[in-house]
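For reference, the chains in residue letters:
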Amino acid sequence: MLPQLTLIIGAAASGKSAFAERLVTSTMRTRTYIATAQAFDDEMRAKIARHRDMRGAGWRTIEAPLDLSAALQQTPADHVVLIDCATLWLSNHLLAESDLEQAETDLLNALNTCPAPVVIVSNEVGAGVVPDNALSRKFREAQGRLNQTLATQAGLVVTVIAGLPMVLKGTLPEALE
């Protein structure tokens with residue numbers, strides 16, 4: 001049984017999405033995948049296709065690069081939701097020059113009112129060097145704040161390093177222990 005909100009966090013290419021998919025699949029509920037990526041180039045199109053192939057069949061997919069609230073409101077209570085990922089969602093808002101505080105408030109409200117359990121994937125971006133430009137520093141700070149807020153709200157927080165999950169908060173379902 002999953003809590004209302006689970007946060008899966010890790011570095012790029014750490015295995016966090018694959019772990020999140022296994023976690024969601026283990027619930028035996030109908031699966032809804034909310035994708036936040038936008039394919040602006042061939043590399044991103046290939047990455048999206050690779051993720052889709054790895055997931056396989058049996059997922060209802062909603063494309064929501066900006067409006068996660070509407071996507072979450074469409075989800076029936078007997079489903080389980082995987083949002084992949086908060087990092088791209090935040091980047092999309094930053095590049096669109098959205099009001100980040102309002103976007104985050106809307107997301108947190110939607111997570112609180114979603115009738116189904118939600119697993120959200122996010123990148124840990126604070127372990128590297130200080131970025132050399134203002135936009136990158138703004139993103140890093142915003143991502144750090146969002147991750148902290150999500151972790152506070154989540155009943156389960158798991159970091160994934162080299163494909164290995166480590167529970168930071170809560171307890172993994174028995175099927176994945």
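Shown above is the structure to which this text applies.
So, a few notes on the structure that sits alongside this text. Since the structure is predicted, the reported quantities are computational estimates derived from the model, not experimental observations.

## What to know about the pattern of salt bridges
And then number 1: For the coordinates displayed, the defined rule picks out two salt bridges.
And then number 2: Close ionic contact of aspartate 42 with arginine 45 constitutes a salt bridge, the shortest N to O distance being 2.8 Å. Of this pair, aspartate 42 and arginine 45 both sit in helix 2 (residues 42–55), three residues apart, which is roughly one turn of that helix.
And then number 3: For aspartate 42, a relative accessible area of 58% translates into the label exposed.
And then number 4: Between glutamate 141 and arginine 140 there is a salt bridge, with the nearest N and O atoms lying 3.1 Å from each other.

## Some words on the sheet that holds strand 1 (residues 5–10)
And then number 1: The strand order across the open sheet formed by seven strands is 3-2-4-5-1-6-7, and the pairing between neighbours is mixed. In this open sheet, the two edge strands, each paired with only one partner strand, are strand 3 (59–63) and strand 7 (164–169). Strand after strand, the sheet turns through a mean of 20 degrees between neighbouring axes, direction not considered.
And then number 2: As defined by bridge partners, strand 4 (residues 79–84) adjoins strand 5 (residues 118–123) across four bridges and the pair is classed as parallel. When the bridges of strand 5 are listed, valine 81 appears paired with valine 118.
And then number 3: Most of the contacts of helix 6 (residues 134–153) go to strand 1, to which it runs at about 140 degrees, and overall it touches strand 1, strand 5, strand 6 (156–161) and strand 7.

## Some details on the packing of helix 4 (residues 86–95) against helix 5 (residues 100–113)
And then number 1: Where helix 4 contacts helix 5, the two axes come as close as 10 Å, and the packing angle between them is 145 degrees. Helix 4 and helix 5 meet at a crossing whose hand is right-handed. Residues Trp89, Leu90, His93 and Leu94 of helix 4 lie in contact with helix 5, whose contacting residues are Leu100, Ala103, Glu104 and Leu107.
And then number 2: Partitioning the contact of helix 4 with helix 5 into residue classes produces six nonpolar, one polar and one charged.

Cut-off values and rules
- What you see as residue numbers is a count from 1 along each chain, following the sequence as written.
- Given that this is a predicted model, residues contribute local features only at a pLDDT of at least 70 and side-chain atom pairs are listed and counted only at 80 or more, while totals for whole chains, interfaces and linings are drawn from all residues.
- The side-chain figures draw on all heavy atoms in the structure; neither hydrogens nor water molecules are used.
- By definition here, a salt bridge exists when the distance from a side-chain nitrogen of Lys or Arg to a carboxyl oxygen of Asp or Glu is within 4 Å.
- In this description a helix means any DSSP run of H or I spanning at least four residues, a strand means any run of E spanning at least two, and both kinds are numbered starting from the N terminus.
- A 1.4 Å probe rolled over the protein chains alone gives each residue an accessible area, and that area as a share of the maximum for its type sets the label: buried under 20%, exposed over 50%, partly exposed in between.
- Strand pairing requires that DSSP identify at least two bridges connecting the strands.
- Helix axes are fitted to C-alpha atoms over the stretch in contact, other axes to C-alpha atoms as well, and angles between N-to-C directions run from 0 to 180 degrees.
- Contact criterion: two residues are considered in contact whenever any of their non-hydrogen atoms come within 4.5 Å of each other.
- A clockwise turn of the near helix away from the far one marks a right-handed crossing, whereas an anticlockwise turn of less than a right angle marks a left-handed crossing.
- As a working rule, the residues Ala, Val, Leu, Ile, Met, Phe, Trp, Tyr, Cys and Pro are called nonpolar, Asp, Glu, Lys and Arg charged, and the rest polar, with Gly in that last group.

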